[in-house]
Amino acid sequence: MNLYRLQILALFMVPLLVLAGALALGRVIPVPVLGRAYVVQVPLPEPGAEIDLPEVLGPPDSTRPLVVIDPGHGGHDPGASGAGQTEKTLVLALARALRDRLLEEGGIRVAMTRSDDRFLALTERVEVTRRLNADLFVSIHADSAGERQEVSGASIYTLSDVASSEAAARFAARENQADVINGVDISGGDDAVNAILVELSQRRASQASTEFAGLIVREGGEALDFHEQPLRSAALAVLRAPDVPSVLFESGYITNEAEAARLSSAKGQQAFAEALARAIRVFFARASVAG
């Protein structure tokens, strides 16, 4: 019986002895502390906090169409990288080129979610778009294929049908419902009616988004190198404004050296800006006729 007690006691004592030995060894041979104090701090917007709205450039006429250009990533979030480039820097240059082209041609108001190297949460980008009452939202990114450096080509994403319905349902179910959809104030309204209004608005925005994505491919023509399947849809949070046509444009693969070099060159950025500016103008012209 005493043998069993000793065995049980040993089971409890062995871990304690191992721990004591490790502590003693740590005093004799200091354990490296490299990285122990390394903490990544990411500032996030406070719930309900006001967001600074960007400057709206172009004609001082609120009846002129407004496009919000969104350079993806930024700040502590570099996005993809490859061929000596970072996505956040490359897409900011492309966004500036598009902004400058639209302003040079005139007639369209332009705002950028970020015009420098700063971080914005996805919800902030959507909120900026809605608070400015934008008529079109274009988020610009650069894709990555990892080690497959031969992959190339631009692609355009719109919000998938399933994600669109989910986004509409969540938006309609928000606690306060203090919002306006397509000029209709739904605050304090019946939940079922509000859900229908939001979903109808989302459908119109989705149809317009798909139309605009097709225009990018058409107007890009030979100027831009598109992927063999350029039109895609996905559950992307940045596209979930329920009443603003929105696309995410993957301008090319930053992991492809030739494509990254083209997109970072003045000539490549000019071709990009001209193609998208044409698509934007055709889109607004059609909307004007339809309206």
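In this text, all values refer to a predicted model and were calculated from it rather than measured experimentally.

Visitor: Could you clarify how one ought to interpret the packing of aromatic side chains in this entry?
Guide: When we look at a pair of aromatic rings, we describe it by the centre distance and by the angle of the planes. Tallied over the entire structure, the rule returns 3 aromatic pairs. Ring geometry for Phe-212 and Phe-283: centres 5.5 Å apart, planes at 65°, overall edge-to-face. One end of the pair, Phe-212, is in helix 5 (residues 191-220); the other, Phe-283, is in helix 7 (residues 266-290), and 71 residues separate them in sequence. Accessibility expressed as a relative area gives 0% for Phe-212, which makes it buried. Here the aromatic rings of Phe-249 and Phe-272 are separated by 5.6 Å at their centres, their planes lie at 45°, and the arrangement is tilted. Within this pair, whereas Phe-249 is found in strand 10 (residues 246-253), its partner Phe-272 is found in helix 7, the two being separated by 23 residues in sequence. Both residues of the pair, Phe-249 and Phe-272, belong to the buried class. Ring pairs connect the aromatic residues Phe-212, Phe-283 and Phe-284, which therefore count as one cluster.

Visitor: Before we go on, may I ask you to explain the environment of His-227 in this structure?
Guide: Relative to the helices and strands, His-227 is located in strand 9 (residues 226-234). A relative accessible area of 17% places His-227 in the buried class. For the pair His-227 and Ser-155, spaced 72 residues apart in sequence, the C-alpha to C-alpha distance is 5.9 Å. Among the polar contacts listed, one links the side chain of His-227 to the backbone nitrogen of Gln-229, at a separation of 3.0 Å.

Visitor: Just to check I follow, could you spell out helix 2 (residues 87-105) for this structure?
Guide: Think of an α-helix as turning once every 3.6 residues; residues three or four places apart then point the same way. Taking 1.5 Å per residue as the helical rise, helix 2 with its 19 residues ought to reach 27 Å, and the 27 Å between its terminal C-alpha atoms agrees with that figure. Listing the buried residues of helix 2 in full gives Glu-87, Lys-88, Leu-90, Val-91, Leu-92, Leu-94, Ala-95, Ala-97, Leu-98, Arg-99 and Leu-102. Immediately beyond the C-terminal end of helix 2, within one or two residues, lies Gly-106, with a positive phi of roughly 80°.

Visitor: Just checking my understanding: could you explain the environment of Gly-107 for this structure?
Guide: Looking at where Gly-107 falls in the secondary structure, it is placed in the loop between helix 2 and strand 4 (109-112). Apart from residues lying up to four places away in sequence, Gly-107 is in contact with Pro-59, Arg-64 and Pro-65.

Visitor: Before we go on, may I ask you to explain the packing of helix 6 (residues 257-264) against helix 7 in this structure?
Guide: Two quantities define a packed helix pair, namely the angle between the axes and the distance from one axis to the other. Relative to each other, helix 6 and helix 7 sit at 75°, their axes nearing to 4 Å. Taken together, the axes of helix 6 and helix 7 are roughly perpendicular relative to one another. Along the contact surface, helix 6 presents Arg-262, Leu-263 and Ser-264, while helix 7 presents Ala-266, Gly-268 and Gln-269. For the contact of helix 6 with helix 7, a count of residues per class yields 2 nonpolar, 3 polar and 1 charged.

Visitor: Is there a simple way to explain the environment of Phe-119 in this structure?
Guide: With respect to the helices and strands, Phe-119 occurs in the loop between strand 4 and helix 3 (122-131). Relative accessible area serves as the criterion here: at 26%, Phe-119 is assigned to the partly exposed category. Each C-alpha atom, one on Phe-119 and one on Lys-88, is 9.7 Å from the other, the two residues being 31 residues apart in sequence.

Visitor: What's the story with the side chain of Glu-259 in this structure? I'm lost.
Guide: Along the polypeptide, Glu-259 turns up in helix 6. Non-local contacts of Glu-259, meaning those with residues more than four positions away in its chain, are made with Ser-152, Gly-153, Asp-225, Gly-252 and Tyr-253.

Visitor: Help me understand the sheet that holds strand 10, please; the structure alone is not making it clear to me.
Guide: What holds strands together in a sheet is hydrogen bonding between their backbones, with the strands either parallel or antiparallel. As summarised here, the arrangement of the 6 strands in space is 4-1-5-10-6-9, forming an open sheet in which the pairing is mixed. Across the chains shown, the open sheet's two edge strands, defined by having one partner strand only, are strand 4 and strand 9. Strand-to-strand twist in this sheet, taken as the mean axis angle between neighbours without regard to direction, amounts to 20°. Examined bridge by bridge, strand 6 (residues 154-159) and strand 9 share 5 bridges and lie parallel to one another. From the neighbouring strand, Leu-159 faces strand 9, where its bridge partner is Ala-234. Those strands touched by helix 2 are strand 1 (66-71), strand 4, strand 5 (136-143) and strand 10, and its axis lies near 145° from that of strand 5. Its contacts with the sheet place helix 7 against strand 1, strand 5 and strand 10, and it is angled at close to 155° to strand 5.

Calculation rules
Residues numbered from 1 in each chain as written. Predicted model: local features only at pLDDT ≥ 70, side-chain atom pairs only at ≥ 80, totals over all residues. Heavy atoms only, no water. Phe/Tyr/Trp six-rings, centres within 6.5 Å; stacked < 30°, edge-to-face > 60°. Helix = DSSP H or I, 4+ residues; strand = E, 2+ residues; numbered from the N terminus. Buried < 20%, exposed > 50% of the residue type's maximum accessible area, 1.4 Å probe, protein only. Polar contact = N/O pair within 3.5 Å; in protein donor to acceptor, adjacent residues only side chain to side chain. Expected span 1.5 Å × (residues − 1). Contact = heavy atoms within 4.5 Å. Axes fitted to C-alpha atoms, helices over the stretch in contact; angles between N-to-C directions. Parallel < 35°, antiparallel > 145°, perpendicular 65-115°, else oblique. Nonpolar A, V, L, I, M, F, W, Y, C, P; charged D, E, K, R; others polar. Pairing = 2+ DSSP bridges.

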